[in-house]
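Examining the three-dimensional arrangement
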Amino acid sequence: MKRLLNHALATLALGLALSAAQAGGFVPAYLNGTIAPQQEAALSQTKDVLVKVRLLDQSRQDAPPQLLAEQILEKPRRIPADFSLCYDKQAIKNDGRYVIEGQIFVNGELRYNSRSQTQVLGAGAAEHPQLRLETVGAN
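So, a few notes on the structure that sits alongside this text. Values in this document were obtained by computation on a predicted structure and should not be read as measured data.

Moving on, we come to the side chain of Gln58. Mapped onto the elements, Gln58 comes out in the loop between strand 2 (49-57) and strand 3 (66-74). With a relative accessible area of 17%, Gln58 lands in the buried category.

This paragraph deals with the nonpolar core. The tendency in soluble globular proteins is for nonpolar side chains to be buried side by side. Formed by 24 residues in total, the largest nonpolar core has its most connected members in Ile35, Val51, Leu55, Leu85 and Ile100. Secondary-structure elements contributing two or more residues to this core are strand 1 (28-37), strand 2, strand 3, strand 4 (81-88), strand 5 (98-106) and strand 8 (130-135). Excluding anything up to four places from it in sequence, Leu85 contacts Ala29, Tyr30, Leu31, Val53, Arg54, Leu55, Ala69, Glu70, Gln71 and Ile100.

On to the pattern of salt bridges. For side chains of opposite charge, pairing can occur when their charged atoms come near one another. As enumerated under the stated definition, the model contains five salt bridges in all. Here Arg54 ties to Glu101 by a salt bridge, and the two come within 3.0 Å at their closest N and O atoms. Of this pair, Arg54 sits in strand 2 while Glu101 sits in strand 5, placing them 47 residues apart in sequence. Given the relative accessible area of 27%, Arg54 is considered partly exposed. Residues Glu109 and Arg111 are paired through a salt bridge, measuring 3.5 Å at the closest nitrogen-oxygen approach. Assessed through its relative accessible area of 33%, Arg111 is described here as partly exposed.

Our focus in this paragraph is the pairing of strand 5. The element strand 5 is largely enclosed, with a buried count of seven among its nine residues. Both strand 2 and strand 5 contribute to a ladder of nine bridges, which runs antiparallel. From the neighbouring strand, Val49 faces strand 5, where its bridge partner is Val106. Pairing of strand 5 with strand 7 (residues 118-120) involves three bridges; the strand directions are antiparallel.

Moving on, we get to unusual backbone geometry. Residue Ile79 is joined to Pro80 through a cis peptide bond whose omega torsion reads 5°. Positive phi, normally seen in glycine, also occurs at Asn107, with a value near 50°. Examined against the element boundaries, Asn107 turns out to sit in the loop between strand 5 and strand 6 (109-113). Under the relative-accessibility criterion, Asn107 is labelled exposed at 53%. The phi torsion at Leu121 lies on the positive side, around 60°, for a residue other than glycine. Checked against the element boundaries, Leu121 lands in the loop between strand 7 and strand 8.

What counts and how
- Residues numbered from 1 in each chain as written.
- Predicted model: local features only at pLDDT ≥ 70, side-chain atom pairs only at ≥ 80, totals over all residues.
- Heavy atoms only, no water.
- Helix = DSSP H or I, 4+ residues; strand = E, 2+ residues; numbered from the N terminus.
- Buried < 20%, exposed > 50% of the residue type's maximum accessible area, 1.4 Å probe, protein only.
- Core = buried A, V, L, I, M, F, W, Y, C linked by side-chain atoms within 4.5 Å.
- Contact = heavy atoms within 4.5 Å.
- Salt bridge = Lys/Arg side-chain N within 4 Å of Asp/Glu carboxyl O.
- Pairing = 2+ DSSP bridges.

This is how it looks when you write it as structure tokens:
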């Protein structure tokens, strides 16, 4: 039943996105990559792991970054985990600055975090970024 509901919701979301795209609204594009701790960790064995990846627009120096897409993976099957961020292609400007950042929570506690942001969607940026996170509290 849950799988059927998820499929119905995904179909509805896709239909709404396509309708908006035809009306000049949202045009879906995807940024796919992987996320993992910088140093190998046995997180696949841990029961309560949550992975968060965000795509941010940092084009404006005088404003906080704008969130363009976010994916939350609850209990991923494996680490490194694959992510796929769906964003509005029309929101991307040639002269913009776009970055991804990530976090890994274990048992509700932040354990791994991006110390630096990975530039994406621009000249010279990786097409399939590999986000490596540092242990929180490590220098």
